[in-house]
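Chain residues, written in single-letter form:
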Amino acid sequence: MLSRRVWHPCSYWCTTHLLPFELHGKTVGKHQYHSAATIPSQAQVVICGGGVVGNSIAYHLTLEGWKDVVVLDQATIGSGTSHNGSGVLGLFKPILERQIITHSVNLIKGLEQKGHQLGFRRCGSLNLARTRERAVSLKRRIAYTRAAGLDCEWLDRHEILRMHPYLYSGDLEGGVWVPDDAVANPASVCQTLAHLAAAQGATYVENCAVQRLFTNEVPHSLVTPKVTHIETSQGIINCEYFVNAAGMWGRSLGEKSSPKVRVPAFPAEHFYLCTKPTMEALDALPVVRDYDSHMFCLTRGQQFIIGAFEHQAKPVFYEGIPLDWKERLQGDEKHFQSVKEDAEHRLPLLKNIEYQSLINAPDNFTPDGKWILGETPEIDNYFVAVGMNGNCLQGAGGVGKAIAEWIIYGTPLMAMLPFDVRRFIDLHNNRRYLKERTKEVVGRHYDILYPHQCEYRYARKLRCSPMYSEQEARGAVFGTRMGFERPLYFDTSHTRGDPSAQMPPGTFRKPEFLDFVREEYHACKEGVGVIDLSSFTKMEITTAGSQVVDAMQRLCSNDVNIPVGGVVHTGMQNEQGGYENDCLLIRKSDNCFLMLAPTFQQTRIMDWMRRQITADASVSISDVTSMYTVLSVLGPKSKEMLSLMCNTELTFLGYTAKEVNIAYASGVHVLSFTHTGEPGYTLIIPSEYTLHVYGQLMKMGHDYGIRNVGMITMRFLRVEKFIPFWAEELDSNTTPFEVGRGYKVKLNKDYFIGKAALMKQYNTGIQRRLVHFTLDDAFDFETDIWPWGGEPIYRNNEYVGNITSTAYGFTLGKMVCLGFVKRRDAYVTPEFVLENAQYEIDIAGRRVKAYASLLSPKLPVVQMDKITSYRPKIRGIVTHK
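This structure is a prediction, so every number in the text was calculated from the model and none was measured. (Residues numbered from 1 in each chain as written. Predicted model: local features only at pLDDT ≥ 70, side-chain atom pairs only at ≥ 80, totals over all residues. Heavy atoms only, no water.)

Looking at the second largest pocket, its volume works out to about 860 Å³. What lines the second largest pocket is a set of 46 residues, and nearest its centre among them are Gln 74, Ala 246, Met 248, Trp 249 and Ile 321. Among the elements of the structure, α1 (52–63), α6 (250–254), β16 (266–268), α7 (325–328), β22 (363–365) and β24 (382–386) are those that each provide at least two residues to the lining of the second largest pocket. A breakdown of the residues in the lining of the second largest pocket according to their chemical character gives 24 nonpolar, 15 polar and seven charged. (1 Å grid on protein atoms, 1.4 Å probe; cavity = no way out; pocket = protein on both sides within 12 Å on 5 of 7 lines; lining within 4 Å. Points joined across faces, edges and corners; volume = space filled by probe spheres on them. Helix = DSSP H or I, 4+ residues; strand = E, 2+ residues; numbered from the N terminus. Nonpolar A, V, L, I, M, F, W, Y, C, P; charged D, E, K, R; others polar.)

Next comes the structure, spelled out in structure tokens:
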């Protein structure tokens, strides 16, 4: 056994571990760690990054029998940031994240039980609430995590003190006890996974930097290039798969290929303060998270370790990470002083204990605080696993398993949509953007994130529609999606020239902006509403001949063989029948479709379509998102109003589109379709005409009661009408039959992707179903805590699913929720959903009676043709023949 000192800046981790190998080009036991003279020339998988994530991927690949795996590290194994984390394994997380962390916990626990000394101990955690709003936030999380199987409970301040006698609890509302939370030694886990991966066949090469990644890229080809080989400081390795698990270096590594790969993660300084050893062992104490002070505290041996996800973080290494990065880091006592004071307030005994020097241990953070995982859209067989957001150990085990499965089976075996690398576009990888966003994304891990009310402060106003300034002057309160500024609602108390309207403080109860949303809602029901949908993804799919129809018929589950000028709403399914896209197709010509898809899909659906379309199909897909503005003009008076602005008859037969002139603008596509189910039109406007058309709409619409309408109102309209949302109800694991859209699936088509799976489901049945719920009149929307999504659903006192989307139904006069009812061992039939079923929704610990329906409610609709005709006297309106 050779003794090796494992580096970590904090002395309590700098203990000498006995390892069965040395990673310095020496042979120990049966494992060879190669020097420059013996670097492999060929590998099935090359993993760049010998940290805990890279080692976990190697471990899981070799565990499944993939032995031809090479792990490279530019220095030595585990010498990056893998040892920097707190070692906390926290399960009190959203369901998809918790599934991955649960595997990490089980993996580390299992290895510890086999004799590996990983410092694993299940100490539990206390998650504290200093304010009533924090208490509501934690109780909401208890409701959905406990229903899904996590053991957790609410404690009052006295019970908290019994769990941790050193805490001051006099100012607490309470807290959550999670007994299964654990801690482990990140350094030991990192080294052990490397040892086991090597024992299972992986090859490790140290002091080997990747200098360039090569592909079979063909200039101007529509086919996504594939990894062929890499050039390193020790030679060339031909490979089939490449995994970027380079941590802080992940972004710069992504730039060392052609085409470049987006890896939008940026390092921030991350501080730890360790006490000197006390006179007693502290291992029995739980982890403490004091969210309202952005501080956490754990114990190891005889020491306390204090860390933070500070409200205002410090990005680091703006111009790239230097070779001597460890030596350049210094503790910032002034920056950490408030965290230290909060820690001493919560644990008063710290005032009497000496501290070691403040540790600056940076880590990688992503623009939205979620991991970046999956196969990249730029290069086939190039996978990314970076962005651990201040705790690399927590997700490493599950991430390693997920990436290994993705490589082996060609598709993820668990839901990965929130972490998919394809959720980004180029702007997210901009260094200045990342620097600004990182300042706040660190602290958001501990912030109360009120649904639909907590927008980012930094790196804003990047993608704006041509109407942005005018909307801002009219009181728009903006949110951001894919970097695009979108009006959430309009503050009608705002006057032109005032400072920009702002979102009021967040709440879990009735939001302060509800009256503005109500006015917008009624404008859409009774007059005219205008919704800016410019952020929607827009693609043009073309071929030289008419083979575009055959190509799209294969991708779409609906029948898209429509005449020129036709419009069809369709899903694109995967082989399991789940949604890869929910889109609107407009047949512009014999050889061209224009596609409107959800904002989040801009990168993801382009990548998916390119992978499905063969090279011999000669199909061209162009992203035209920035070329057009999309306005939804809806309401019973919209037809008459628009008719005054163009000389084209706006009566449509079914879902069709016409190219018309509106005012002085030409080439505007008008669709007889709205995304809210209200009567009206969708206008697709060339961007250069947008401001003119918008100005004319607002001027002409004055006498029709026209209102600007935001995305929150659009949500309310859709939820009330039982229209599902992408990434909330629709995702890769959800089929059309499960959301009531079976009528949009044409099983009589010759073939489309997913047909076999959907045919089987059609014949056998479904095991979950999207249901429309209205809350009982006992729920007081004025004062009670609202459901916002994620709440568990109980049927006859049995947990059967979760709420996905919610809104207040202004016509129904009730709170409306959409959610899935599911069964594990039986099919969900209409009888199961509706008969002999009493439903309750758990809202922050209070169960509220709910009524289920599988149909859209019958709401009164004023048809456009029923409006009495009149021509308003508005000057300055122009029409163009």
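Now for the sheet that holds strand β40 (residues 798–809). Read once around its circumference, the closed barrel built from six strands follows the order β38-β41-β40-β39-β42-β43, with strand pairing classed as antiparallel. Mean inter-strand twist for the sheet, computed between neighbouring axes without regard to direction, equals 40 degrees. Inspection of the sheet shows β40 paired to strand β41 (residues 814–822) by six bridges, in the antiparallel sense. Looking at the pairing, Ile 803 lines up with Gly 819 of β41. (Pairing = 2+ DSSP bridges. Axes fitted to C-alpha atoms, helices over the stretch in contact; angles between N-to-C directions.)

Attention now moves to empty space enclosed by the protein. By the definition in use, this model includes three cavities of 30 Å³ or more. Empty space within the largest cavity amounts to approximately 60 Å³. Lining the largest cavity are Ser 557, His 569, Thr 570, Gly 571, Gln 573, Tyr 579, Asp 582, Pro 736, Arg 741, Lys 744 and Val 745. With four residues, the top contributor of residues to the lining of the largest cavity is strand β29 (residues 567–573).

Right, let's talk about the packing of helix α12 (residues 514–526) against helix α17 (residues 711–720) for a bit. α17 packs onto α12 with a crossing angle of 60 degrees between their chain directions and a minimal axis gap of 9 Å. Along this stretch, α12 crosses α17, giving a crossing that reads as right-handed. The residues of α17 that touch α12, namely those facing Leu 514, Val 517, Glu 520, Tyr 521, Cys 524 and Lys 525, are Ile 712, Thr 713, Phe 716, Leu 717 and Glu 720. When its residues are assigned to classes, the contact of α12 with α17 shows seven nonpolar, one polar and three charged. (Left-handed = near helix turned anticlockwise from the far one by under 90°. Contact = heavy atoms within 4.5 Å.)

With an omega dihedral of 0 degrees, the bond running from Ser 258 to Pro 259 counts as a cis peptide bond. With respect to the helices and strands, the residue Pro 259 is situated in the loop between α6 and β16. Residues other than glycine seldom take positive phi values, yet Lys 461 does so here, at roughly 55 degrees. Counting through the fold element by element, Lys 461 comes out in the loop between α10 (431–441) and α11 (468–473). The class of Lys 461 is exposed, set by a relative accessible area of 52%. The residue Phe 722 is not glycine, and still its phi comes out positive at about 70 degrees. Residue placement: Phe 722 occurs in the loop between α17 and α18 (755–764). We classify Phe 722 as buried; its relative accessible area is 12%. (Buried < 20%, exposed > 50% of the residue type's maximum accessible area, 1.4 Å probe, protein only.)

By definition, the strands of a sheet pair up through backbone hydrogen bonds, in either a parallel or an antiparallel sense. Strand order across the open sheet formed by eight strands is β9-β10-β8-β18-β19-β20-β17-β21, with mixed pairing between neighbours. Every interior strand has two partners, whereas the edge strands, β9 (153–155) and β21 (359–360), have only one. In this sheet, strand β19 (residues 295–300) lies alongside strand β18 (residues 287–290) in antiparallel orientation, the contact comprising three bridges. Within the sheet, the bridge partner assigned to Arg 289 lies in β19 and is Phe 296. Against the sheet, helix α8 (residues 333–346) engages β8 (125–129), β17 (271–274), β18, β19 and β20 (303–308), with an angle of about 130 degrees to β20.

Both faces of strand β37 (residues 706–709) are covered, namely the face carrying Ile 706 and Asn 708 and the face carrying Arg 707 and Val 709. Where strand β27 (residues 528–532) meets β37, four bridges bridge the pair, whose relative direction is parallel. In the strand pairing of β37, Val 528 is matched with Ile 706.

At a minimum axis separation of 8 Å, α1 and helix α5 (residues 186–199) run at an interaxial angle of 30 degrees. Taken together, α1 and α5 sit at an angle that is classed as roughly parallel. In this structure, the crossing between α1 and α5 has a hand that is left-handed. Contacts between α1 and α5 involve Val 52, Asn 55, Ser 56, Ala 58, Tyr 59 and Thr 62 from the first element and Val 189, Cys 190, Leu 193, Ala 194, Leu 196 and Ala 197 from the second. Among the residues making up the contact of α1 with α5, the classes are represented as nine nonpolar, three polar and no charged. (Parallel < 35°, antiparallel > 145°, perpendicular 65-115°, else oblique.)

Tallied over the entire structure, the rule returns 26 aromatic pairs. For the ring pair Tyr 450 and Phe 508, a centre distance of 4.7 Å and an interplane angle of 50 degrees mean the geometry is tilted. Here Tyr 450, found in the loop between α10 and α11, pairs with Phe 508, found in the loop between β26 (484–490) and α12; they are 58 residues apart in sequence, far enough to count as distant. Each of the two residues, Tyr 450 as well as Phe 508, counts as buried. Note on Phe 652 and Tyr 681: the rings are 5.8 Å apart at their centroids and 50 degrees apart in plane angle, and the pair reads as tilted. With Phe 652 in the loop between α15 (638–643) and β34 (657–662) and Tyr 681 in strand β36 (residues 680–686), this residue pair connects regions lying 29 residues apart in the sequence. No difference in accessibility class separates Phe 652 from Tyr 681, as the two residues are buried. (Phe/Tyr/Trp six-rings, centres within 6.5 Å; stacked < 30°, edge-to-face > 60°.)

What follows covers α5. An ideal rise of 1.5 Å per residue puts 20 Å on 14 residues; α5 measures up with 20 Å between its terminal C-alpha atoms. Counting buried positions along α5 gives 13 out of 14 residues, so the element sits mostly inside the fold. By the N-cap criterion, in which a side-chain oxygen at the helix start approaches the backbone nitrogen of a residue two or three places on, α5 is capped by Asn 185, the distance to Ala 187 being 3.0 Å. Gly 201, located one to two residues past α5, shows a positive phi value of around 125 degrees. (Expected span 1.5 Å × (residues − 1). Polar contact = N/O pair within 3.5 Å; in protein donor to acceptor, adjacent residues only side chain to side chain.)

Secondary-structure assignment places Thr 735 in the loop between α17 and α18. Leaving out residues up to four positions away in the same chain, Thr 735 has contacts with Gln 576, Gly 577, Gly 578, Tyr 579, Leu 758 and Gln 761.

With that settled, the discussion passes to the pattern of salt bridges. Under the defined criterion, the tally for this structure stands at 44 salt bridges. For Asp 515, the salt bridge goes to Arg 518, with nearest N and O atoms at 2.6 Å. Residue Asp 515 and its partner Arg 518 are located together in helix α12, separated by three residues, close to a single helical turn. Overall, the relative accessible area of 25% leaves Arg 518 in the partly exposed class. Here Glu 580 makes a salt bridge to Arg 604, at a shortest N to O gap of 2.9 Å. Residue Glu 580 is found in strand β30 (residues 579–589), and its partner Arg 604 is found in helix α14 (residues 604–612); the two are separated by 24 residues along the sequence. Salt bridges sharing partners connect three or more residues here, namely Glu 375, Asp 380, Asp 420, Arg 422, Glu 580, Arg 604, Asp 607 and Arg 611. (Salt bridge = Lys/Arg side-chain N within 4 Å of Asp/Glu carboxyl O.)

Geometric values such as these leave the question of function open.
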